[in-house]
Amino acid sequence: MSENLETAAAAPQGLGDAEVPKTGGLYTLIERLREQLAYQPVLLGIVALAASAALTAASSATSGAIAEAQARDLRDSLAQVLPQGFADNDFLHDTVSIERDGKPVTIYLARKAGSVAGAVFKVAERGYAGEIQLLMAVGVDGRTLGVRVIRHSETPGLGDKIEAGKSEWAKDFSGKSLGDPAPERWAVKKDGGVFDQFAGATITPRAVVKAVKGGLMFFAGHRAQILGGSQ
Amino acid sequence: MSDKYGEIIKGGLWEQNVVFSQMLALCPAMAVTTSGTNGLGMGLATTAVLTASNILVSLIRKTVSSQVRIPVFVVLIASLVTIVDMAMNAWLHELYKVLGLFIALIVVNCAILGRAESFAAKSGVLASAVDGLAMGFGFTGALTVIGLIREFLGAGTVFANASGLLGPSFAFLEMKLPGYGGALLMILPPGGFAVLGFLLAGKRILDSRSARGAQADSAGCSVASHAGA
């Protein structure tokens, strides 16, 4: 190990320092000022100002494109939980906000020919390693239209089979409602329910089942509010 | 002069490789190398930041007094990373979705401050730019190799999702070993340490062989000289 540290320390140094600075006068002035006490705070101030200016410029140059990209992402993931051709409105801008456990939940309304046909919203539940965030779509009949994991930090290879790209598991929820299966069967098979767990990972699917069930109960509890959603 | 640049390039790519020799930046190296594609992407983003920070630090090296150089460099690097982060989010959004979490981590990559402090602060602009590129590509190479090995052993794939990073024309890089589920351990952090350990040992063997070759060469046994090179 010490060998390596030495090699690192023996980096080629001072290359180019021998060059005569082209703006000689300015550099001698700076060199004289550089050791003065007041030089340090002024320098730090200038650097901070320049950095802030650069960040402000970069932020204003990119904010439009970032907002656009995020809206596109959201539209894509919303469209993925809804069956094809389910909605004909711009559900991204057709929303109601309902409070759940003290936090507002944005509900995107999917309409067909003007009347609400389904609602899409986010649910979250604590998984094996941190929060699992899901996007779920529920039809007016109270049946799940689709469930998709949008963020999680479950174990790769074990718990990540909840992702749509890794396995078909999340499709099991489609068509399920609070009465079908019966409430006590809303669990993984190990707990006497109807949903598969994965070999080596029970906590993750258990959390997802709980989240979806909670989402359906939330929808049922606020049905009138959601369906009468603002145009 | 060209000799100097040759030295810098050789140093960055092999002799002082950020990961394999300096053993810096091991945190991002372990965190992102679950696949070859992730390693490549992280390496390229780091190369961009490292080169830009080396150039900037070299440009202002005469105006920065040694007492406050560390805060100045830190502000510089943090701003650069933030700008890269925003630019990628805006214009390379697909790539950003894969690497987004790790881009911010470049700030704490000690290799960047290390190069600013030990090289760019003492060298000319061109030499610093070359050093940034060489160190960056050395880092990229190391991350890609570790990532590929872990990905192949852990998931049975090679360069999975490379077309998402490099564009659809690179889909030919993607390979999958049929019927092999992979050893999960290699994807998890211990696998990263194990792969790094074997690679370090391998580099040591190569280096000591070429050192022996060089010794033999200077002793006059010119026949054996290139055996280890």
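Every chain is numbered on its own, with residues counted from 1 as its sequence reads. The naming scheme follows written order: chains are lettered A onward, ligands numbered 1 onward. Thresholds applied to this predicted model are a pLDDT of at least 70 for local features of residues and 80 or more for the giving and counting of side-chain atom pairs; totals over whole chains, interfaces and linings are not thresholded and use all residues.

(A) The overall build of chain A, seen in detail. Along the backbone of chain A there are 5 helices and 5 strands. Here a strand is any run of E in DSSP of at least two residues, a helix any run of H or I of at least four, and the numbering for each starts at the N terminus. Going from N to C terminus, chain A has its helices and strands arranged as α-α-α-β-β-β-β-β-α-α. The exposure scheme places C-beta atoms from the backbone and then counts, for each residue, the other C-beta atoms within 10 Å of its own, assigning buried at 20 or more, exposed at 12 or fewer, and partly exposed in between. Across the 231 residues that make up chain A, the buried fraction comes to 26%. Note on contacts: residues are paired as contacts if their backbone-placed C-beta atoms lie within 7 Å. Partitioning the intrachain contacts of chain A with sequence separation of at least 6 by distance along the chain shows that 49% fall at a separation of at least 24.

(B) Quick look at the environment of T82(B). Residue and element names in this part refer to chain B. Here T82 is to be found in helix 4 (residues 69-91). Owing to 19 C-beta atoms within 10 Å, T82 belongs among the partly exposed residues under this scheme. Note: C-alpha distance between T82 and A104 (22 residues apart in sequence) is 7.1 Å.

(C) A look at helix 5 (residues 93-103) of chain B. Residue and element names in this part refer to chain B. Every buried residue belonging to helix 5 is among Y96, L99 and I103, and all of these are buried. Down the axis of helix 5, the sector holding all buried residues measures 110 degrees, keeping them to one side. Structural note: helix 5 exposes E94 and L101 on the side pointing more than 90 degrees away from its buried face. Where the residues of helix 5 are buried, they touch helix 3 (36-60) and helix 4. Directions from the helix axis toward the C-beta atoms define the arc.

(D) Summary view of the pairing of strand 1 (residues 95-100) of chain A. Residues and elements named next belong to chain A. Each pair of strands is called paired provided DSSP finds at least two bridges between the two strands. Pairing analysis gives 6 bridges linking strand 1 to strand 2 (residues 103-112), with the strands arranged antiparallel. Pairing of T95 across the sheet is with Y108, part of strand 2. Two successive antiparallel strands, strand 1 and strand 2, enclose a turn made up of 2 residues, where D101 displays a positive phi of approximately 50 degrees.

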